[in-house]
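Observations on the three-dimensional arrangement
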Amino acid sequence: MKTIVYNGPLDSRYGAVHVALGNFDGVHLGHQKLITEMVKKARASQGTAVVATFHPHPLRLIRPEAAPKLITPMEVKAGLLGRLGVDIVLTLPFNPDLAKLSPEEFVQQVLHQDLRAESVLVGFNYSFGRGGKGTPELLWELGHRLGVRVRVIDAVTIAGEPVSSTAVRAALEKGDMERAADLLGYTPILRGPVVPGDQRGRNIGFRTANIELPPEQYLPARGVYAAWARSASLPEGVLAVVNIGVKPTFGMGLAETVEAHLIDFEGDLYGQTLTLHLLQRMRPEMRFQNPEQLVEQIHTDLQDTRHFFHAQREHIFPNRIIEI
Ligand SMILES: Cc1cc2nc3c(=O)[nH]c(=O)nc-3n(C[C@H](O)[C@H](O)[C@H](O)COP(=O)(O)O)c2cc1C
Ligand SMILES: Nc1ncnc2c1ncn2[C@@H]1O[C@H](COP(=O)(O)OP(=O)(O)O)[C@@H](O)[C@H]1O
């Protein structure tokens, strides 16, 4: 899969182009349905499966304080899309030229003229064009005039509730990984390079790999999580216990970090990319009277995590953890 920044006509060697248009944060079950359908069309016409997405999110430029944090920043999103069979992620830079296009101009210039889209798929609530004024109905109408087939996909529901990025964020905020996984179709993922922390881990007897995340990453509730950890040197993965939080035992106002202690593992992880699949929140983060009490609790966390994993293993593998 390739990532291309849109800056004019798409190369003609891509043949018939089929486009899924949207932001797709989380690549949840609803997104997966839409994208899978687009990929099927592309395969059937021996064409190219394209996901076109405004990046960075337009709100990040218009009203940064209102821009949602992302369940899946670009790198993780690209991994998920690649897995679905997408050939090209086309990022549309939200520059003044693109931002000022009316819905009519957007369909004519971008979708029809430059991408030569044969078909375009969007979700039922998609908006586009200057001021976000374009609706799926208008897209259908404009496409129809130009010979671009437009298909609008309804919300996927679980037990009557629509699957949405907002619903996923709400589950993450509550620390409900099971619910988030139901909506996403996979266990929530955090991925980033291992960076040095405060080197306290080695002193308290539990080394923790600190991962650096993009600033726009949406983080689940603070607390301790059971996780499956993978890296290039650990392709099968190992069980891990993860702390997301500000380490109140060691002072006030520390920055929020995500750190993983890999169970029954010893080795240098600095610089490697670590992928954490968050399985379950075990407890909230707490402030202990002294480091000894924290260490005692971490021993309990490790035991709880092992028990949880042994009880749930069949449920977790192979379906809930996906390789990206
Ligand atoms: C399983 C686990 C649970 C943790 N729980 C807490 C906690 O409840 N409260 C807290 O202040 N720190 C907690 N921590 C964070 C430790 O304080 C941290 O790992 C230690 O200070 C090392 O920090 P460093 O990586 O910056 O060196 C936890 C860490 C782990 C691995
Ligand atoms: N079981 C383990 N889990 C996590 N990291 C480990 C483990 N064993 C060794 N390491 C290494 O130790 C580092 C963390 O050491 P630590 O003393 O906690 O320092 P810091 O938090 O400052 O990086 C990790 O980044 C990794 O390279």
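Residues numbered from 1 in each chain as written. Chains lettered and ligands numbered in written order. Predicted model: local features only at pLDDT ≥ 70, side-chain atom pairs only at ≥ 80, totals over all residues. Heavy atoms only, no water.

Per an unreviewed UniProt entry, the recorded name for the chain is Riboflavin biosynthesis protein, and the organism is Heliomicrobium undosum. Under the UniProt heading Sequence similarities (unreviewed entry), the note attached to the chain is "Belongs to the ribF family." (UniProt positions renumbered as here; feature names shortened; annotations may be inferred.)

**So, the packing of aromatic side chains**
Evaluation of the coordinates by the stated rule reveals 7 aromatic pairs. One aromatic cluster is present, built from ring pairs that chain together F54, F94, F106, Y126 and F128. Against the face of F250 rests R200, its NZ or CZ located 4.4 Å from the ring centre. (Phe/Tyr/Trp six-rings, centres within 6.5 Å; stacked < 30°, edge-to-face > 60°. Lys NZ or Arg CZ within 6 Å of the ring centre and 35° of its normal.)

**Considerations on the site of ligand 2**
Contacts to ligand 2 come from 20 residues, most closely from Q199, R202, F265, L269 and Y270. Between N210 and ligand 2, the recorded distance is 3.1 Å, taken from a side-chain N or O atom to an oxygen atom. Considered on its own, ligand 2 offers 550 Å² of accessible surface; in the complex 97% of this is hidden by protein. Every element with two or more residues in the shell around ligand 2 is listed here: α9 (201–204), β10 (209–211) and β13 (257–262). Of the residues belonging to the shell around ligand 2, the class tally is 8 nonpolar, 7 polar and 5 charged. (Near = heavy atom within 4 Å. Polar contact = N/O pair within 3.5 Å; in protein donor to acceptor, adjacent residues only side chain to side chain. Areas by Shrake-Rupley, 256 points an atom, 1.4 Å probe, with all protein chains shown as cover. Helix = DSSP H or I, 4+ residues; strand = E, 2+ residues; numbered from the N terminus. Nonpolar A, V, L, I, M, F, W, Y, C, P; charged D, E, K, R; others polar.)

**Section: unusual backbone geometry**
Look at the link from H55 to P56: it is a cis peptide, with omega at -5°. Secondary-structure assignment places P56 in the loop between β3 (48–54) and α2 (58–62). Note that the residue after F317, namely P318, is joined by a cis bond; omega there is 0°. The topology assignment puts P318 in the segment after α10 (291–316). In the Ramachandran plot, Q46 falls in the positive-phi region, its phi being about 50° despite a non-glycine side chain. Under the relative-accessibility criterion, Q46 is labelled exposed at 74%. Despite not being glycine, K247 has its phi angle at roughly 50°, a positive value. (Buried < 20%, exposed > 50% of the residue type's maximum accessible area, 1.4 Å probe, protein only.)

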